[in-house]
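Per-entry structural report
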Amino acid sequence: MSYRIDLTVLSEQKQFCRFGVTLHNLSDQDLIDWKLQFIIDRYVLPESVNHGEIKQIGSFCTITPDVQILKANQHYYCELSINTAPLRYYTDGFKDALVVEHNGEVSHPVVVTPIALASPYRERSHIPEVEASKLALIPKPNQINLLDGYYLLSPNSQITLNSTRAEGAANWLQVELERLYEFKTHSIGHSDILFRDNPILDEGEYSLTVGKEGIRIESGSAAGFIHACATLLQLVEATDTRNTLRVRHVKISDSPRFRYRGMMLDCARHFHPVERVKRLINQLAHYKFNQFHWHLTDDEGWRIEIKAYPELTDIGSKRGPGTALEPQFSTLKEVYQGYYSQDEIRDVIAYAAERGITVIPEIDIPGHCRAAIKSLPHLLADSEDKSQFRSIQHYNDNVLSPALAGTYEFLDTVLAEVVELFPSPWVHIGADEVPNGVWIDSPSCKALMEELGYQCHKELQGHLLRYAEKSLKKMGKRMVGWEEAQHGNKVSKDTVIYSWLSEEAALNCASQGFDVIMQPAQYTYLDMTQDYAPEEPGVDWAATIPLEIAYGYEPLKNVPESDPIRKRILGIQCALWCEIITHQQRMDYMIFPRLTALAEACWTNKQHRDWKDYLSRLKGHLPLLDKQGVQYRQPWKQK
């Protein structure tokens, strides 16, 4: 270890913290003409830094010290301030650090010590001890009758289809039985598992009967058959005999509470390979989700191949030294990169469809567009715009201009390829977090506002989004976006709003006549920390979300059953933003077991939901996660 950096909280107030930064030169060489680089996700007030000057782009910071030479076995110290709530977690500190000499020609890795917090949380949430349920079904079926006895599946067991709608579900069931239990059904044999049509059952509804005659699955939809198989896979138990399983006798009649049950995965901040994405989609099918929202573009990376603009992936999918995009979030020294080819995307779409899941793409505009702007500056950069702004992620150059012809050329081209690629009836257009101050000092934007009689710059955002909405409608798609899509009052009520700020905000959008997907960050954001000890990974800007809080989310709790606003609430979505999700182990830890709790909010009627009953079922369910190698957060194990 030649270099070490320490970050210490010196003082903290409600929205202000002062920090001390100490770089130790533990080598036997002097540092000459050097700078300190580090990654932190808070905005450092430039005027607050003593003994140096700071430049920050996103989470990437460079301090030029007021000493050109740092002698061997000496240290450099500076202080800086951040307008932030008090820090409580180690993951709030530096993510990576680097010392560079001679204008970056030489670089030295730096060991980052955990942040010295002023007053970290020490307590943990308490999860009651419970007995493991013998019927560990998640989400809980809405009607279940447990009977005596078991049915055995043997080497002669056969799956029989009396419904063409069930073909995909039957194939998935075979794949999962072999993956989980090394059990193979026989092409000729006893019809132990029978799928048959029941046209009176609604979309997603199913019945599952296990008795002396075998396993009988009925549904009126392909989705219902998938959901029945998800339940059956949780009923299956291994035996001591090879290729023999047993299934408890039971009668289940079940249907979804909400028709939209989704999860969003951010693959822009950190790229997740196709197999990792598929693994998650398969897990979603096990918990009866039916929508996968794929966040594919953002400031830090463009992850979808657009054949008309190869620059988007040649340039926009890479960040780090020597690239157009500075390092962000996780690593300073290496180039971080990755994108999905259109063939890979088709493969993921087909894989999801086999599991009853629709893939909804997100192309985030007009904010969160830095990767696109850096890739296509001849189209998307307004050289005359002198507006001063800072986005929530600390950029001042990440917003498309509504007054550039290139913006509309870009949108037409990108959306045409996206629509051709994705069968989903919906395309998510982002629309979130456009910062105050954009377009104010752009001559072309001023001229556009004057021409159209706009009084507010939010109307420019609405102008651009209305164009996207109309374009998508012509291509047979419905636009969906974050709740800021309504800003400027330009999009129609055909646009579906994904509300993330709070449930109150969701209900406000619904009261205006928008259809709404509820995604309140205080309950559904899986990148939030799961407990109060400082070593817990995650962020907490919305809330700390222990398992009990996630399970306790009761949608529409304060809305009367008779209120017509309920008809505008299409469903629920959870989300994993991936600023600090870099690998499979961290992804598993942040998702599980909270995903199972939110699955129940999506599926199970409120009169059947109970915290201790869920915990009992979860305890009985954990061995199935173990079997799959899911590295979940242990609910009953204190770390």
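What comes next is a walk through the structure. From a predicted model like this one, the values you see are computed outputs, not experimental measurements. (Residues numbered from 1 in each chain as written. Predicted model: local features only at pLDDT ≥ 70, side-chain atom pairs only at ≥ 80, totals over all residues. Heavy atoms only, no water.)

**Thoughts on a nonpolar patch on the surface**
A surface patch of nonpolar side chains, about 270 Å² in accessible area, is lined by Met-1, Leu-26 and Val-111. By the element assignment, Leu-26 lies in the loop between strand 2 (16–25) and strand 3 (31–32). Classification of Leu-26 as partly exposed rests on a relative accessible area of 35%. (Patch = residues over 30% accessible without salt bridge, like charges linked within 9 Å, V, L, I, M, F, W, Y side chains within 5 Å. Areas by Shrake-Rupley, 256 points an atom, 1.4 Å probe, with all protein chains shown as cover. Salt bridge = Lys/Arg side-chain N within 4 Å of Asp/Glu carboxyl O. Helix = DSSP H or I, 4+ residues; strand = E, 2+ residues; numbered from the N terminus. Buried < 20%, exposed > 50% of the residue type's maximum accessible area, 1.4 Å probe, protein only.)

**Side note on the layout of surface pockets**
Estimated volume of the largest pocket: approximately 1300 Å³. Looking at the largest pocket, it is lined by 49 residues, and the ones nearest its centre are Ile-392, Gln-393, His-394, Glu-433 and Trp-541. Among the elements that take part in the lining of the largest pocket, helix 10 (residues 457–474) stands out by supplying three residues, more than any other. Looking at the second largest pocket, its volume works out to about 440 Å³. Lining the second largest pocket are 23 residues; nearest its centre among them are Gln-37, Phe-60, Thr-62, Val-100 and Pro-327. (1 Å grid on protein atoms, 1.4 Å probe; cavity = no way out; pocket = protein on both sides within 12 Å on 5 of 7 lines; lining within 4 Å. Points joined across faces, edges and corners; volume = space filled by probe spheres on them.)

**Remarks on the side chain of Gln-573**
If you trace the backbone, Gln-573 turns up in strand 30 (residues 569–576). Within the structure, the side chain of Gln-573 is placed 2.6 Å from the side chain of Tyr-260, a separation counted as a polar contact. With residues near it in sequence (within four places) discarded, Gln-573 still touches Tyr-260, Gly-262, Met-263, Met-264, His-293, Tyr-498, Ile-517, Met-518, Gln-519 and Thr-524. (Polar contact = N/O pair within 3.5 Å; in protein donor to acceptor, adjacent residues only side chain to side chain. Contact = heavy atoms within 4.5 Å.)

**Things to note about the packing of aromatic side chains**
Going through the model one piece at a time under the given rule, you end up with 24 aromatic pairs. On the numbers, 5.3 Å between centres and 80° between planes, the contact of Trp-34 with Tyr-76 is edge-to-face. On the criterion of sequence distance, the pair formed by Trp-34 in strand 4 (residues 34–39) and Tyr-76 in strand 8 (residues 75–82) is long-range, its members being 42 residues apart. With respect to burial, Trp-34 and Tyr-76 carry one shared label: buried. Taken together, the aromatic side chains of Tyr-260, Trp-426, Trp-482, Tyr-498, Trp-500, Tyr-525, Trp-541 and Trp-577 make up a single cluster linked through ring pairs. Sitting over the ring of Tyr-43, Arg-390 keeps its end group 3.6 Å from the ring centre. Residue placement shows Lys-619 over the ring face of Trp-636; its charged tip is 4.9 Å from the ring centre. (Phe/Tyr/Trp six-rings, centres within 6.5 Å; stacked < 30°, edge-to-face > 60°. Lys NZ or Arg CZ within 6 Å of the ring centre and 35° of its normal.)

**Focus: the environment of Leu-595**
Tracing the backbone shows Leu-595 in helix 15 (residues 594–603). Sequence separation between Leu-595 and Thr-524 is 71 residues, and the spatial gap between their C-alpha atoms is 8.9 Å. Aside from chain neighbours lying at most four places away, what touches Leu-595 is Met-263, Leu-284, Tyr-287, Phe-289 and Cys-574.

**Some details on unusual backbone geometry**
The linkage connecting Ile-138 with the following residue, Pro-139, adopts the cis geometry, with an omega of -5°. Mapped onto the elements, Pro-139 comes out in the loop between strand 11 (111–112) and strand 12 (143–153). Of the consecutive residues Phe-592 and Pro-593, the connecting peptide bond is found in the cis state with omega at 5°. Mapped onto the fold, Pro-593 is located in the loop between helix 14 (584–591) and helix 15. Not every positive phi belongs to a glycine, and Asn-73 is a case in point at roughly 60°. Since its relative accessible area comes to 54%, Asn-73 is described here as exposed. Here the phi dihedral of Glu-182 falls at roughly 55°; this positive angle occurs in a residue that is not glycine. Assignment of secondary structure puts Glu-182 in the loop between helix 1 (167–181) and strand 14 (190–197). Judged by its relative accessible area of 68%, Glu-182 is exposed.

**A look at the pattern of salt bridges**
One pass over the full model with this rule turns up 41 salt bridges. One salt bridge connects Asp-41 with Arg-42, and the closest N-O pair in it is separated by 3.4 Å. Judged by relative accessible area, which is 24%, Asp-41 ranks as partly exposed. By sharing partners, the salt bridges in this structure join Arg-124, Asp-531, Glu-535, Glu-536 and Arg-633 into a single network.

**A look at the packing of helix 9 (residues 443–452) against helix 10**
Viewed as axis vectors pointing N to C, helix 9 and helix 10 meet at an angle of 85°, and their least axial separation amounts to 11 Å. In terms of orientation, helix 9 lies roughly perpendicular with respect to helix 10. Along the contact surface, helix 9 presents Cys-445, Leu-448, Met-449 and Leu-452, while helix 10 presents His-457, Leu-460 and His-463. The residue makeup of the contact of helix 9 with helix 10, split by class, is five nonpolar, two polar and no charged. (Axes fitted to C-alpha atoms, helices over the stretch in contact; angles between N-to-C directions. Parallel < 35°, antiparallel > 145°, perpendicular 65-115°, else oblique. Nonpolar A, V, L, I, M, F, W, Y, C, P; charged D, E, K, R; others polar.)

**Some words on the nonpolar core**
Taken as a class, soluble globular proteins show a tendency for nonpolar side chains to be buried jointly. Residues Phe-195, Trp-294 and Phe-410 are the most contacted members of the largest nonpolar core, which totals 160 residues. Contact partners of Trp-294, with chain neighbours within four places excluded, come to Leu-265, Cys-267, Val-277, Tyr-340, Ile-345, Val-348, Val-359, Ile-360, Pro-361, Glu-362 and Phe-422. Membership of the second largest hydrophobic core comes to 30 residues, among which are Trp-34, Val-44, Ala-97 and Leu-117. (Core = buried A, V, L, I, M, F, W, Y, C linked by side-chain atoms within 4.5 Å.)

**What about the packing of helix 3 (residues 274–286) against helix 5 (residues 342–353)?**
Relative to each other, helix 3 and helix 5 sit at 15°, their axes nearing to 10 Å. Here helix 3 lies roughly parallel to helix 5, going by the angle between them. The handedness of the crossing between helix 3 and helix 5 comes out as right-handed. In this structure, helix 3 contributes Val-274, Val-277, Lys-278, Ile-281 and Asn-282 to the contact, and helix 5 contributes Glu-344, Asp-347, Val-348, Tyr-351 and Ala-352. (Left-handed = near helix turned anticlockwise from the far one by under 90°.)

**Topic: helix 14**
Within helix 14, six of the eight residues are buried, which leaves the element mostly enclosed by the surrounding structure. Looking only at helix 14, the buried set comprises Gln-584, Met-587, Asp-588, Tyr-589, Met-590 and Ile-591. Of the surrounding elements, those touching the buried residues of helix 14 are strand 19 (260–266), helix 3, strand 30 and helix 15.

**So, the sheet that holds strand 10 (residues 106–109)**
Note on sheets: strands pair through backbone hydrogen bonds, and any given pair is parallel or antiparallel. With antiparallel pairing, five strands are arranged side by side in an open sheet as 5-6-4-9-10. Each having just a single partner strand, strand 5 (52–57) and strand 10 make up the two edges of the open sheet. When the angles between neighbouring strand axes are averaged without regard to direction, this sheet yields 25°. For strand 4 and strand 9 (residues 96–101), the ladder comprises six bridges, and the chain directions are antiparallel. Paired with Lys-35 across the bridge in strand 9 is Val-100. (Pairing = 2+ DSSP bridges.)

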